[in-house]
Amino acid sequence: KKKKKKKKNTHIQKYPIKSYNLDAREFIQQLAQQVMDQKLPLAQHILMNLPKIGIEFLDVFVNLFQHITDKSLLSPITIHVYCFENEEETDQIKIRIEKALKHHQIPSLTLHHVRGVAPNKEMYCATFILPVSILTGQSPSTNTNKRRKL
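Residues numbered from 1 in each chain as written. Predicted model: local features only at pLDDT ≥ 70, side-chain atom pairs only at ≥ 80, totals over all residues. Heavy atoms only, no water.

**Some details on the pairing of strand 3 (residues 109-118)**
Turning to step 1, where the next piece is worked out: Here eight bridges tie strand 3 to strand 4 (residues 121-130), and the two strands are oriented antiparallel to one another. Residue pairing in the sheet places Thr-110 in a bridge with Thr-127 of strand 4.
Turning to step 2, where the next piece is worked out: Hairpin remark: strand 3 followed by strand 4, antiparallel, with two residues in the connecting loop; positive phi at Asn-120, about 65 degrees. (Pairing = 2+ DSSP bridges. Helix = DSSP H or I, 4+ residues; strand = E, 2+ residues; numbered from the N terminus.)

**Concerning the pattern of salt bridges**
Turning to step 1, where the next piece is worked out: All chains considered together, the criterion is met by three salt bridges.
Turning to step 2, where the next piece is worked out: Close ionic contact of Arg-25 with Asp-59 constitutes a salt bridge, the shortest N to O distance being 2.8 Å. Taken as a pair, Arg-25 in helix 2 (residues 24-38) and Asp-59 in the loop between strand 1 (45-48) and strand 2 (77-85) lie far apart in primary sequence, 34 residues in all.
Turning to step 3, where the next piece is worked out: When the shortest N-O distance is used, the salt bridge between Lys-94 and Glu-98 registers 4.0 Å. In this pair, Lys-94 and Glu-98 are both assigned in helix 3 (residues 91-100), four residues apart and thus about one turn of the helix distant. (Salt bridge = Lys/Arg side-chain N within 4 Å of Asp/Glu carboxyl O.)

**A look at a negative patch on the surface**
Turning to step 1, where the next piece is worked out: Taken together, the side chains of Glu-87, Glu-88, Glu-89 and Asp-91 make up a negatively charged region of the molecular surface.
Turning to step 2, where the next piece is worked out: Mapped onto the elements, Glu-89 comes out in the loop between strand 2 and helix 3.
Turning to step 3, where the next piece is worked out: Of the residues examined, Glu-89 reaches a relative accessible area of 39% and is grouped as partly exposed. (Patch = residues over 30% accessible without salt bridge, like charges linked within 9 Å, V, L, I, M, F, W, Y side chains within 5 Å. Areas by Shrake-Rupley, 256 points an atom, 1.4 Å probe, with all protein chains shown as cover. Lys, Arg positive; Asp, Glu negative; His and termini not counted. Charge placed at Lys NZ, Arg CZ, Asp CG, Glu CD. Buried < 20%, exposed > 50% of the residue type's maximum accessible area, 1.4 Å probe, protein only.)

**Overview of the sheet that holds strand 1**
Turning to step 1, where the next piece is worked out: With mixed pairing, the four strands of this open sheet are ordered in space as 1-2-4-3. Bordering the open sheet on either side are strand 1 and strand 3, each of which pairs with just one other strand. Averaged over all neighbouring strand pairs, the angle between strand axes comes to 20 degrees, with direction disregarded.
Turning to step 2, where the next piece is worked out: Looking at chain direction, strand 2 and strand 4 are connected through nine bridges and run antiparallel. Counted as the bridge partner of Ile-79 is Phe-128 from strand 4. (Axes fitted to C-alpha atoms, helices over the stretch in contact; angles between N-to-C directions.)

Next comes the structure, spelled out in structure tokens:
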């Protein structure tokens, strides 16, 4: 068993993983400031593992980098946000995410059922790519003339 565990840890160590224990808004704002001040590349994945309120924190990403001068430091971020929802109403997850992102559309969203937590209450992990246009507050160049269907 020790060999398997050591092998697994070695595999994980090939990729830089840094964990934090901060308020989500504070963490994201500190991360943005580090990117701008120290010219660090932006994180590639962000995991928000508070299923009851995780979606509520997504609004902090909108226009987060509107004042950044070196846009080459930015790239799309894969967001993994845990949430609760009734099994029959999983379409509400995307609606809640887009509402938190101030009605910016998320083109591709995948849901992973994590587990049932109570009758009529399921936990999901919603994964989506947050485009640079949302981070900077600029319209994506390919979608400037498209209107959202209601």
